[in-house]
Amino acid sequence: MSKTIDFSIADGHNVSSSNKKIDNMNQMGEYATYTVNVDNSIPHKPAGILIAVSRLFGANFRTRFICGQFGMLITYAALAYFAIKKLKSGKMIMSIIALFPTNLVLASNFSYDPWITGFTMLGTSYFVSELQQPEKRITVFETVVMCGAFVLAALPKQLYVMFLILPMFMRKNRQSKSDKRRYYLILSAFFVFMLVLFAIRAFSSVTSGGDTRGGDVNSMGQVNYILTNPIKYSKTLIKFLLGYLSPLNAKKYMSYFSYLGDGGSAAVFMSLLLFCMITDKDITNKFNGRILTAAVVLAVDFALVCMTATALYISFTPVGYETINGCPGRYLLPLTVPFALTLINPGKPLRVKKSIYNFAVLAVMSACVLFKILYVVTWPML
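The following refers to the structure shown. (Residues numbered from 1 in each chain as written. Predicted model: local features only at pLDDT ≥ 70, side-chain atom pairs only at ≥ 80, totals over all residues. Heavy atoms only, no water.)

**A look at the overall build of the chain**
Thought 1: Of the regular secondary structure elements, the chain holds 15 helices and 2 strands.
Thought 2: Across the 382 residues in the chain, those meeting the buried criterion constitute 43%.
Thought 3: In the chain, the share of contacts with a sequence separation of at least 24, taken over all contacts with a separation of at least 6, comes to 77%. (Helix = DSSP H or I, 4+ residues; strand = E, 2+ residues; numbered from the N terminus. Buried < 20%, exposed > 50% of the residue type's maximum accessible area, 1.4 Å probe, protein only. Contact = heavy atoms within 4.5 Å.)

**Examining helix α2 (residues 45–56)**
Thought 1: Look at α2: 16 Å from first C-alpha to last across 12 residues, which is about the 16 Å you get at 1.5 Å a residue.
Thought 2: The inward-facing, buried residues of α2 abut α3 (61–86) and α6 (113–131). (Expected span 1.5 Å × (residues − 1).)

**As for the packing of aromatic side chains**
Thought 1: With the rule as written, the count across this model stands at 12 aromatic pairs.
Thought 2: Ring geometry for Tyr225 against Tyr313: centres 6.5 Å apart, planes inclined by 45 degrees, an arrangement best described as tilted. Highlighted residues: Tyr225 in helix α9 (residues 219–228) and Tyr313 in helix α13 (residues 290–316), separated in sequence by 88 residues. Assigned by exposure class, Tyr225 and Tyr313 land together as buried.
Thought 3: Seen from their ring centres, Phe371 and Tyr375 are 6.0 Å apart, and the 15 degrees between their planes marks the pair as stacked. (Phe/Tyr/Trp six-rings, centres within 6.5 Å; stacked < 30°, edge-to-face > 60°.)

**What to know about the packing of α9 against α13**
Thought 1: Viewed as axis vectors pointing N to C, α9 and α13 meet at an angle of 130 degrees, and their least axial separation amounts to 7 Å. Judged by the inter-axis angle, α9 sits oblique to α13. Along the contact surface, α9 presents Ser219, Gln222, Val223, Tyr225 and Ile226, while α13 presents Thr310, Tyr313, Ile314 and Ser315.
Thought 2: Among the residues making up the contact of α9 with α13, the classes are represented as 5 nonpolar, 4 polar and no charged. (Axes fitted to C-alpha atoms, helices over the stretch in contact; angles between N-to-C directions. Parallel < 35°, antiparallel > 145°, perpendicular 65-115°, else oblique. Nonpolar A, V, L, I, M, F, W, Y, C, P; charged D, E, K, R; others polar.)

Structure below.
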């Protein structure tokens, strides 16, 4: 949804100039009116609510702005908390992903990316938790929360509807036919709902002129180019993905501080995540079908990367360009959640007391994050 806001601006003048110039414009009496479509999406509602409350109490602009940031951060923190709480094992894996510096930066600003990542974490935690308990009967509430989380994650970018494929491969023991019928009925309802929204969004995007920030963009022309040159485009896509998915690009979605830079050290976060992927697993991860689950997750993640790159090639890249524009590393953040939780399943944790293990992992991760903040943000300000 969007709202249309009318602005009256003095013809030929800059409204961001000083008050004196604005007074002069008012005296001239020459005005031009135009409209701007303002995004009114659901992911920004938490920020909007706190901004509205602060405005109600007479807060100034700076305070309202900070309250809006807190709205986004609190939402992300709550989603991460319930995602970590739901898991039987893999809690530290989820904690590390939630504490990636890039995730914290995005969650502290007016971005919908932490909304996507947060609800992906929640949906994935319910999915993995049920796999870790094959004898447990999944309830209607748990099914709705799992599917609903994936749907909410896909609202800003509907390509993430692909995550709804994961629950289709859930295997539960001692589940009656009526339980299975009810489970797949709920899942199908969510899936159909998102497919309808996806079709509407895709048609609107293709029939539009594309994102003008990409330069000479023509969505219809780009689609025609892909269809008439599939081999050439495939080469362009593969060449792009080799760099995009390279571990050398990890700093773009693990330790990137937006315009403040990255400051390196992405290898530290990668190493810590890999360590926990191997060690933060117990006997519950030896569920039936774990190899199939990992294969499905890899297939879904790869399909999402290809679809995202293709969507941006259509909407953000000039026709026939030999690379893909507008595909930042943060788009990989939601994909790391199911990947890290399912790819490696040794089921043999370290012989260390769990409380000591968790404390050590969180201490190292917190120290690395604080160092990054001091190095990239605080130190340059001194």
